[in-house]
Amino acid sequence: MHHAQLKPFPQAFLWGAASAAYQVEGAWNVDGKGPSVWDTFTKIPGTTFEGSNGDVAVDHYHRMEEDVALMAEMGLKAYRFSVSWPRIFPSGRGTPNEAGLAFYERLIDALLARGIEPVLTLYHWDMPQALQDEYGGWESRRIIDDFEHYCVTLYQRFAGKVKYWVSLNEQNYNLTNAYQLGTHPPAVQDRKRFFAANHIAFLANARAIKAFRQHVPHGLIGPSFAYSPAYPASSAPSDMLAFENAEELTNYWWLDAYCLGRYPLAALNWLREQGEAPEILPGDMALLAEGKPDYIGVNYYYTLTFTDNPLGGQGLARINTTGKKGTTPSSGIPGLYKTVPNPHLETSNWDWAIDSTGMRIALRRLASRYALPLMITENGLGEFDQLGEGDQVHDDYRIAYLKSHLHACQQAMQDGVELLGYCAWSFTDILSWLNGYQKRYGFVYVDRDEQGGSLRRIRKESFFWYQQVIKAGHLLD
Ligand code: BGP
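Each residue is numbered by its place in its chain's sequence as written, counting from 1. Confidence filtering applies because this is a predicted model: local features only for residues at pLDDT of at least 70, side-chain atom pairs given and counted only at 80 or more, and all residues used for totals across whole chains, interfaces and linings. Working from all heavy atoms in the structure, the side-chain values ignore hydrogens and water.

Operational definition: UniProt positions are given in the numbering used here, feature names are shortened, and annotations may be inferred rather than shown by experiment.
By the naming in an unreviewed UniProt entry, the protein goes by Glycoside hydrolase family 1 protein and is assigned to Aeromonas simiae. Quoted straight from UniProt, the Sequence similarities (unreviewed entry) entry for the protein says "Belongs to the glycosyl hydrolase 1 family."

Right under this line is the structure:
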């Protein structure tokens with residue numbers, strides 16, 4: 001669809017940036033915080049890039065005021081951050097830790113004082129270690145009550161201040177790593193357990209949304225989904241079928257459960273055939289139907305291209321965590337699909353396809369299938385940045401990436417998509433879960449590497465670019 005002219009971005013468009021607690025805060029054992037599964041996992045040798053962890057991260061916990069001042073200088077309209085569950089409940093449940101709540105209250109107040117809309121993520125992967133030990137985290141239905149209790153504590157405290165809420169961040173990506181690839185805690189490789197844990201997470205998500213209606217009647221809540229739209233490798237019907245399989249098994253499984261309260265047909269049947277379908281108890285599907293979101297948070301980085309994969313073919317493979325271009329192997333499920341490089345697209349050094357049209361396709365597929373508003377809760381380019389002479393960081397490649405993706409947002413809105421806002425990943429440089437500090441995403445450079453550093457904040461070229469775009473309210477030539 002070619003449009004002769006694009007409408008401007010809406011006046012109320014949330015020009016934002018994002019982060020997650022474990023990746024920025026540090027202060028991992030300060031002010032009564034309990035350990036999360038990431039505090040434990042990253043200490044096991046060989047789990048992360050050069051043993052990097054979030055003990056200090058970029059020390060946002062102690063530099064929050066300075067970071068918010070930079071956001072205000074940039075003109076940000078929204079800031080997405082996550083609350084660390086074990087900072088609020090050191091052992092997962094019980095009486096809340098006031099010091100933890102007070103930190104987020106200070107952050108929220110600082111944002112509001114500068115006219116920045118807080119977008120609060122309830123869960124960005126840092127499960128209290130206590131709950132993992134006690135009953136296996138997402139593998140037990142006991143988490144549904146504990147998660148609800150944690151969420152309601154935040155609803156009650158912040159209902160009057162926070163309008164936009166994200167329930168679970170990238171359940172699909174996090175649990176794929178946690179229960180299939182074995183690369184996130186608890187590092188399991190078992191597809192049956194993977195689908196069982198996901199089913200329980202859907203129930204917890206629905207229960208949290210149901211409770212939200214009571215406590216935050218004027219707010220909006222939805223999950224953030226890591227959406228990598230599927231493409232077929234060719235027009236061969238076998239590739240088209242592989243693409244359909246991939247869209248159901250890697251995307252619609254989650255999105256249909258969240259937004260329609262059901263599982264996609266062929267995927268469910270295939271899992272039943274394998275003996276790997278989740279156990280669905282009476283009342284489960286009714287709960288999903290009662291806990292539908294107000295909007296979908298979309299974390300978009302790349303598209304994936306699929307081809308046919310025979311029985312006995314390629315299995316799941318780990319992602320590139322080194323930044324050595326061209327080292328990502330094909331990954332798939334025998335009998336269903338496997339990935340292939342897309343010859344039409346350039347990639348980043350981590351082999352992520354750079355595809356702004358894919359973002360437009362993503363937004364259109366979701367808005368059309370689910371008839372919900374959308375918010376880009378993450379989008380950005382992870383690269384090696386160089387701190388040059390006179391504290392300059394020339395990240396023109398990042399500007400090009402962000403600009404083309406924002407243009408795709410505008411085109412999608414012209415196509416009819418209701419888009420609430422765009423949160424670039426990330427505001428400052430932060431810890432990448434598996435890639436250490438070398439894979440940078442921020443508008444603000446942070447002087448640190450895997451060994452440490454001064455933690456000084458330095459505005460990159462992209463900082464000044466985004467500042468101008470926000471000020472103008474549209475993309476500049
Ligand atoms: C998403 C996560 C973020 C962030 C981002 C970039 O999956 O929600 O927390 O890490 O991806 O990923 P990476 O750091 O692996 O490049």
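1. Side note on the site of the ligand
Heads up, the condition is: Note on definitions. A residue lies near a molecule or strand when any single heavy atom of the residue is within 4 Å of it. Pairing of N or O atoms within 3.5 Å defines a polar contact, subject to two protein rules: one partner must be a possible hydrogen donor and the other a possible acceptor, and residues neighboring in sequence count only if both atoms are side-chain atoms. Residue-level accessible areas treat just the shown protein chains as cover; the underlying method is Shrake-Rupley with a 1.4 Å probe. Classification used: nonpolar for Ala, Val, Leu, Ile, Met, Phe, Trp, Tyr, Cys and Pro, charged for Asp, Glu, Lys and Arg, polar for all others including Gly.
Looking at the ligand, there are 16 residues lining it, with Gln 23, Glu 170, Ser 432, Lys 439 and Tyr 441 nearest. Between the ligand and Ser 432, the relevant distance is 2.5 Å, taken from an oxygen atom to a side-chain nitrogen or oxygen of the residue. Contact with the protein chains hides 96% of the accessible area of the ligand, taken as 380 Å² for the molecule alone. Of the residues that constitute the shell around the ligand, the class distribution is seven nonpolar, six polar and three charged.

2. As for the sheet that holds strand S9 (residues 332–333)
To be explicit about the condition: Here a strand pair is declared whenever DSSP counts at least two bridges between the two strands. By definition, any uninterrupted DSSP run of H or I lasting at least four residues is a helix, any uninterrupted run of E lasting at least two residues is a strand, and each is numbered from the N terminus. Contacts between residues were defined by any pair of non-hydrogen atoms, one from each residue, lying within 4.5 Å. Lines fitted to C-alpha atoms define the axes, with helix axes restricted to the stretch in contact, and inter-axis angles between N-to-C directions lie between 0 and 180 degrees.
Pairing is mixed across the open sheet formed by four strands, whose spatial order is S6-S8-S10-S9. Bordering the open sheet on either side are strand S6 (230–232) and S9, each of which pairs with just one other strand. Pairing of S6 with strand S8 (residues 304–307), which is carried by three bridges, proceeds in the parallel orientation. Each residue of the ladder has a partner; that of Ala 230, found in S8, is Leu 304. Against the sheet, helix H10 (residues 237–259) engages S6, S8 and strand S10 (337–340), with an angle of about 170° to S6.

3. Focus on the packing of aromatic side chains
Which entries qualify depends on this criterion: Pairing of aromatic rings covers Phe, Tyr and Trp, the last counted by its six-membered ring, and requires centre-to-centre distances within 6.5 Å; plane angles under 30 degrees mean stacked, over 60 mean edge-to-face, and any other angle means tilted. Think of it in three bands: residues with accessible area under 20% of the maximum for their type are buried, residues over 50% are exposed, and the middle band is partly exposed, with areas taken using a 1.4 Å probe on protein chains only. Only Lys NZ and Arg CZ are tested; either one counts as a charge over a ring when it is within 6 Å of the ring centre and within 35 degrees of the ring normal.
As enumerated under the stated definition, the model contains 40 aromatic pairs in all. Their ring planes at 10° and their centres at 6.4 Å tell us that Phe 81 and Tyr 104 sit as a pair that is stacked. Of this pair, Phe 81 sits in strand S2 (residues 78–82) while Tyr 104 sits in helix H5 (residues 98–113), and the two are 23 residues apart along the sequence. Classification of Tyr 104 by relative accessible area gives buried; the value is 0%. Taken together, the aromatic side chains of Phe 194, Phe 195, Phe 202, Trp 253, Trp 254, Tyr 258 and Tyr 263 make up a single cluster linked through ring pairs. Lying across the ring of Tyr 252, Arg 369 places its NZ or CZ 3.6 Å from the centre. Its guanidinium or amino end placed over the ring of Phe 463, Arg 459 lies 5.8 Å from that ring's centre, counting from NZ or CZ.

4. Some details on the nonpolar core
What counts here: Nonpolar cores were defined as sets of buried Ala, Val, Leu, Ile, Met, Phe, Trp, Tyr and Cys residues, with membership established by side-chain atoms within 4.5 Å.
Core analysis: the largest hydrophobic core is formed by 149 residues, its most contacted members being Tyr 155, Trp 165 and Phe 427. In terms of residues, this core owes the most to one element, helix H9 (residues 191–215), which gives 13 residues. Beyond its immediate stretch of four places on either side in the chain, Tyr 155 contacts Leu 122, Trp 165, Ala 208, Ile 209, Ala 211, Phe 212, His 215, Val 216 and Ile 221. Grouped together as the second largest cluster of nonpolar side chains are eight residues, Ala 78, Val 119, Tyr 164 and Met 375 included.

5. Side note on helix H11 (residues 265–274)
To keep it simple, the criterion reads: An arc is given here, and it is the one of the directions from the helix axis to the C-beta atoms.
Looking at H11, one finds that the buried residues are Ala 267, Leu 268, Trp 270 and Leu 271. The buried residues of H11 occupy one face: seen down the axis, they fall within an arc of 165°. In H11, the exposed residues that point more than 90 degrees away from the buried face are Leu 265, Arg 272 and Glu 273. Structurally, H11 contributes buried residues whose contacts are with H9, H10 and S9.

6. Things to note about the pairing of strand S5 (residues 220–226)
For S5, the buried fraction is high: six of the seven residues fall into the buried class. The pairing of strand S4 (residues 164–169) with S5 spans four bridges and is parallel. Residue Trp 165 lies in a different strand from S5, and its bridge partner there is Ile 221. Here S5 runs beside strand S7 (residues 296–299); their pairing, made up of three bridges, is parallel. In the strand pairing of S7, Ser 224 is matched with Gly 297.

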